[in-house]
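Close look at the chain arrangement
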Amino acid sequence: MGNANIKMLVRPWVKPEHYAGIFRNKLSDMVIGGMVVVGLYLTSLYSYLLFHCLAELFSIIIACGLFMIAWNTKEHTENHYLVYLGIAYFFVGVIDLFHTLGYKGMKIFTDYDFYANQLWIGARFLESITLLLFCMFAGNKRKISYNLLMIIYTILTALILASVFYWKIFPICFVEGKGQTQFKIISEYIICIILTISLIALYKNRRQFNAGIYQLLLWSIVFTIVSELAFTFYIDNYGFSNLVGHYAKIISFYLVYKSVIETGLRHPFQLMFRQIKDSEEQYKNLFNTALVGIFRTTLDGSQVLAANPATAKIFDYESTEAFIAEFVPIKSYVMQNRRAELVQKLYNDGKIEGIELLIKDRKGQERHLTLNAVLYPDYIEGAILDITEQEQYRLKVQEVAEQEALQRGKLEVASSVLHDVGNAITGVGTTVSRLLGEKDWQELPMLTKLEKMIEQKREALTEALGPGKGEALLVFVRELIKYLESHINSLHSDYRNMAKIISHINEILHLQRQYVRDGQTGKRQLSDPAKLIDDALSMSYAGFEKRGIEILRSISPDLPQISGDRTKLLRVFLNVLKNACEAFDQTDIKENRNVSISAEFKDESLWITIEDNGIGFASDLAESFFNAGFSTKNRDSGFGLFQCREIIEAYGGTIRLESKGIGMGAKAMIELPTASSSTNR
């Protein structure tokens, strides 16, 4: 009962009609097989030579069919040893063909009447050894070199044929009037022993085969043994024992055909085609029921080749047929230059993803769509999603947010924007000032040429200027070149810093555009705290370098990740670092200016400390710095630390300041929950 349930679960698609088809196929095979047996027997009554030719040709055709199908499907066959069997049987068939042509009475090889008996033994040795190797190594996953097999079997076949026809060293197998030689009979028994060992190997490796293939191969080898035993008894090439042997051989080859071609090759392809058909039906159902519009157009966009109902609905057509017949893609774009951009990108990249655009529907109304498309050699295929309602909702939300901001006078947001932009612009201004204050470095190539000229004219200059002066001039020019190269590298570094600062400006501006009514921004994401700190240090580098401040970094390795909006957290670190940097603007300290930053994981939290030895502040003002608008610097808005505390506390953390007094430096301590601990909370 349990096995029956398992079979029902594994093959729920099998219907009663399937078993009826199997029965009809087996009945058909039996009828055809019976007709072949009777037909061959009748031909033997008329002419045994005709019977022999037909029987052998049947085997040869099967052997060649095995090879052709196995060879042409070798890239798709999981069991590579089935291909090996097909290759081997082709060469067995080649020897059997010469056996047929050399049979007594064919009168093709007239110098000797019993080549056929010798070729029979050669073919059977090749076949039996092939079956033995196949049964022994069928479970081996190592892939065989088919070309090497072809070479080996070509050599073996050539040696057998040459030993019979050319060298004539193959032992005599049949003597007229006496029958088979001792060599022939012993060879048949040896072949039977090899086949028996093959049966044992097949049984041991039976789990490597499908049950059907195993049964067919087993009976194929059994009938091969029967055939060989039958050929040990005859004394006449036209005798009854010879007839039985050929019948057994036909059955053996037919069973190999069933195991390798039908079961080993045809059935997997039937399964593959059935899966393809099922996939096609699933795709068709998905295509027709998808809520996303799916379409296919010509390369020039002048005609729709295919579309699903969702596409027709998006463009306000009653049917897919009407949409395909009437809709012209190139005329639907609200902005034609936008279409040109998309087409260019599609041809450059081969695909476009997540592109928003405006399209006119059948009634001329504008619709907002998201487009994904892929370029194929003969057509363009893509998917569209109607986001008109979402876009309208977004615009309404934005309008409401703007109105509320105006009505309530969101000073905090405006001040935050001015404050953040001010921080970034300060860094840009510093870098730009340095760049503008330097001379152009186009003189460097000229100085290099001058150096080469002085080097070449050193002796003439020495004579003209006096001893040692030419050499001094050369040294001076070289030092000047080194100085300019160093300066150019410094300017390049400034450019890189400026690029980072500008990138930060863009991040801040993007952040502000994301504000909605509840004042929340962005999305939480996992971030590496060490990378955030390093990014903040990199962006603040210009300010530290200008003031001669040394950064002391002490960050523990393998810090756990933190959860939050990356831009917000970065802004906190930038603000605290800026305050630490500007703390030296109000002090007379010129040497040993230090800002240390450390990060460690303890007590299920991440602790970040930023400490400077700058001006410091009165200890009773520590909390006042977090009040909106409070600042001890005339040019500051006073909203930086206020926003920092809001951000940190929104993520379940804390931030506080400490100082022992004026001139004693200051310390900022930030505590943040890690991603795992914040999830538990």
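An account of the accompanying structure is given in this report. (Residues numbered from 1 in each chain as written. Predicted model: local features only at pLDDT ≥ 70, side-chain atom pairs only at ≥ 80, totals over all residues. Heavy atoms only, no water.)

1. A word on the sheet that holds strand β7 (residues 380-386)
- Read from one edge to the other, the open sheet built from 5 strands follows the order β4-β3-β7-β6-β5, with strand pairing classed as antiparallel. This sheet does not close on itself; its edge strands, each paired only once, are β4 (304-307) and β5 (351-360). Strand-to-strand twist across the sheet, computed as the mean angle between neighbouring axes with direction ignored, equals 30°.
- In this structure, β5 lies alongside strand β6 (residues 366-375), joined through 8 bridges in antiparallel fashion. For Ile 352, the partnering residue across the bridge sits in β6 and is Ala 373.
- Its contacts with the sheet place helix α12 (residues 336-349) against β5, β6 and β7, and it is angled at close to 165° to β5. (Pairing = 2+ DSSP bridges. Helix = DSSP H or I, 4+ residues; strand = E, 2+ residues; numbered from the N terminus. Axes fitted to C-alpha atoms, helices over the stretch in contact; angles between N-to-C directions. Contact = heavy atoms within 4.5 Å.)

2. Some thoughts on unusual backbone geometry
- Look at Asp 558: it is not a glycine, yet its phi comes out positive at around 55°.
- Here Asp 558 shows up in the loop between β9 (550-555) and β10 (562-564).
- Classification of Asp 558 by relative accessible area gives exposed; the value is 77%.
- For Glu 604, which is not glycine, the phi dihedral falls at a positive 65°.
- Along the polypeptide, Glu 604 turns up in the loop between β11 (594-602) and β12 (605-612). (Buried < 20%, exposed > 50% of the residue type's maximum accessible area, 1.4 Å probe, protein only.)

3. Comments concerning the packing of aromatic side chains
- Summed over the entire model, instances satisfying the criterion amount to 25 aromatic pairs.
- The interplanar angle of 20° and the centroid separation of 4.8 Å between the aromatic rings of Phe 323 and Phe 327 together place this pair among those described as stacked.
- Note on Phe 327: relative accessible area 10%, which makes it buried.
- One aromatic cluster in this structure is built from Phe 67, Trp 71, Tyr 84, Phe 90, Phe 91, Tyr 146 and Tyr 153.
- For Lys 249, the ring lying beneath its charged end belongs to Phe 253, and the centroid distance is 5.3 Å.
- Looking at Arg 296, its charged tip hangs above the ring of Tyr 379, at a distance of 4.1 Å from the centre. (Phe/Tyr/Trp six-rings, centres within 6.5 Å; stacked < 30°, edge-to-face > 60°. Lys NZ or Arg CZ within 6 Å of the ring centre and 35° of its normal.)

4. With respect to the pattern of salt bridges
- Applying the stated criterion across every chain, the model contains 22 salt bridges.
- Between Lys 249 and Asp 96 there is a salt bridge; the shortest N-O distance is 2.9 Å. Taken together, the positions of Lys 249 in helix α9 (residues 240-289) and Asp 96 in helix α4 (residues 80-101) put the pair 153 residues apart, joining distant regions of the chain. Taken as a pair, Lys 249 and Asp 96 share a single burial class, namely buried.
- A salt bridge links Arg 367 to Asp 361; the shortest N-O distance between them is 4.0 Å.
- Residues joined by salt bridges that share partners form a network here, namely Glu 56, Asp 96, Arg 124, Glu 127 and Lys 249. (Salt bridge = Lys/Arg side-chain N within 4 Å of Asp/Glu carboxyl O.)

5. A closer look at helix α5 (residues 115-137)
- In this model α5 runs 33 Å from its N-terminal to its C-terminal C-alpha over 23 residues, within 8% of the 33 Å that 1.5 Å per residue would give.
- Within α5, 18 of the 23 residues are buried, which leaves it mostly tucked inside the rest of the structure. (Expected span 1.5 Å × (residues − 1).)

6. Looking at the packing of α5 against helix α6 (residues 146-166)
- Interaxial distance between α5 and α6 falls to 10 Å at its minimum, and their mutual angle equals 160°. Regarding the angle of α5 to α6, the classification is roughly antiparallel. By crossing handedness, the relation of α5 to α6 is classed as right-handed. Judged by residue contacts, Tyr 115, Gln 118, Leu 119, Gly 122, Leu 126 and Thr 130 of α5 engage Tyr 153, Leu 156, Thr 157, Ile 160, Leu 161, Val 164 and Phe 165 from α6. (Parallel < 35°, antiparallel > 145°, perpendicular 65-115°, else oblique. Left-handed = near helix turned anticlockwise from the far one by under 90°.)

7. Some words on the environment of Gly 661
- For Gly 661, the location among the structural elements is in the loop between β13 (654-658) and β14 (666-673).
- Overall, Gly 661 belongs to the buried group, its relative accessible area being 12%.
- Residues Gly 661 and Asp 620, spaced 41 residues apart in sequence, show a C-alpha to C-alpha distance of 9.1 Å.
- Gly 661 has contacts with Ile 615, Gly 616 and Phe 617, leaving out every residue within four places of it along the chain.

8. Topic: the sheet that holds β14
- On the basis of which strands lie adjacent, the open sheet formed by 5 strands has the order β9-β11-β12-β14-β13 and mixed pairing. The open sheet terminates on both sides in strands that have one partner only, identified here as β9 and β13. For this sheet the average axis-to-axis angle between neighbouring strands, irrespective of direction, equals 10°.
- Judged from the 5 bridges that link them, β13 and β14 form a sheet pairing that is antiparallel. In the strand pairing of β14, Ile 655 is matched with Ile 670.
- Strands β13 and β14 of the sheet are contacted by helix α21 (residues 640-650), whose axis makes an angle of about 145° with β13.

9. Digging into the pairing of β6
- The turn joining β5 and β6, which pair antiparallel and follow one another in sequence, is formed by 5 residues; a positive phi near 85° is taken by Gly 364.
- Across 7 bridges, β6 lies against β7 in antiparallel orientation. By the bridge assignment, Val 374 is partnered in β7 with Glu 381.
- In sequence, β6 turns back onto β7 through a hairpin of 4 residues.

All we've got here are geometric facts, nothing functional implied.
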